[in-house]
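Listed here are the chains, written in short residue letters.
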Amino acid sequence: MRATADLPQQEAGRLLGVSHPTIRVWRAELGLGVATERASAAERAARFLTDPADPRHGSANGYRNLGCRCPRCTRAWTGYQRERRG
Ligand SMILES: [Zn+2]
């Protein structure tokens, strides 16, 4: 299975005689790169978290969607929630 890890899901599925959603599941179970979109989103988030100069710091989005807990994002998030409560 790991030998097919570099192949596209369709290709790997054809070689192994299963449908590509199955490949996706297997890869998820093996902890291999599953959905490329998801991996790159995680990568982008990681880059955001380690880059204090990213303009998204200090936003509710940074806190909630990107999972940043830096003082600026935390403050933006608590402020955002306070506004929502009125
Ligand atoms: Zn932040």
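Scroll up to find the structure this text is about.
I will try to describe carefully the structure that is included in this document. The model shown is predicted, which means the values in this text are computed figures rather than measured ones.

## Description of the overall build of the protein chain
So, point 1. Counting its regular elements, the protein chain contains five helices and zero strands.
So, point 2. The order of α-helices and β-strands along the protein chain, N terminus first, is α-α-α-α-α.
So, point 3. At a minimum sequence separation of 6, the contacts of the protein chain that also span at least 24 residues come to 12%.
So, point 4. Counting only carbon and sulfur atoms, one obtains 52% of the accessible surface of the protein chain, whose full area is about 6200 Å².

## Some words on the coordination of the zinc ion
So, point 1. Donor atoms from the polypeptide that coordinate the zinc ion comprise His57 (ND1), Cys68 (SG), Cys70 (SG) and Cys73 (SG), at 2.1 to 2.3 Å from the metal.
So, point 2. Considering all four donor atoms around the zinc ion, angles at the metal cover 104 to 114° and the coordination shape is tetrahedral.
So, point 3. Donor residues for the zinc ion sit on one chain with the sequence pattern H-x10-C-x1-C-x2-C. With His57 in the loop between α3 (36–50) and α4 (60–64) and Cys73 in helix α5 (residues 71–85), this residue pair connects regions lying 16 residues apart in the sequence.
So, point 4. Residue Cys73 is classed as buried on the basis of its relative accessible area, which comes to 0%.

## Thoughts on a nonpolar patch on the surface
So, point 1. The grouping of Leu15, Leu16, Val25 and Trp26 at the surface amounts to a nonpolar patch, some 370 Å² of accessible area in total.
So, point 2. Contributions of two or more residues to the nonpolar patch are made by α1 (9–16) and α2 (20–30).
So, point 3. Structurally, the position occupied by Leu15 is in helix α1.

## Quick look at the pattern of salt bridges
So, point 1. Using the criterion set out here, one finds three salt bridges in the structure.
So, point 2. For Glu11, the salt bridge is made with Arg14, and the minimal N-O distance between the two is 2.7 Å. Note that Glu11 and Arg14 are positioned in helix α1 at a spacing of three residues, about one turn of the helix.
So, point 3. A relative accessible area of 32% places Glu11 in the partly exposed class.
So, point 4. Residue Arg14 is classed as exposed on the basis of its relative accessible area, which comes to 62%.

Criteria and thresholds
- Residues numbered from 1 in each chain as written.
- Predicted model: local features only at pLDDT ≥ 70, side-chain atom pairs only at ≥ 80, totals over all residues.
- Heavy atoms only, no water.
- Helix = DSSP H or I, 4+ residues; strand = E, 2+ residues; numbered from the N terminus.
- Contact = heavy atoms within 4.5 Å.
- Areas by Shrake-Rupley, 256 points an atom, 1.4 Å probe, with all protein chains shown as cover.
- Donors = N, O, S within 2.8 Å, 3.2 Å for Na, K, Ca; no water.
- Tetrahedral: all angles 85-135°; square planar, octahedral: opposite > 155°, others 65-115°.
- Buried < 20%, exposed > 50% of the residue type's maximum accessible area, 1.4 Å probe, protein only.
- Patch = residues over 30% accessible without salt bridge, like charges linked within 9 Å, V, L, I, M, F, W, Y side chains within 5 Å.
- Salt bridge = Lys/Arg side-chain N within 4 Å of Asp/Glu carboxyl O.

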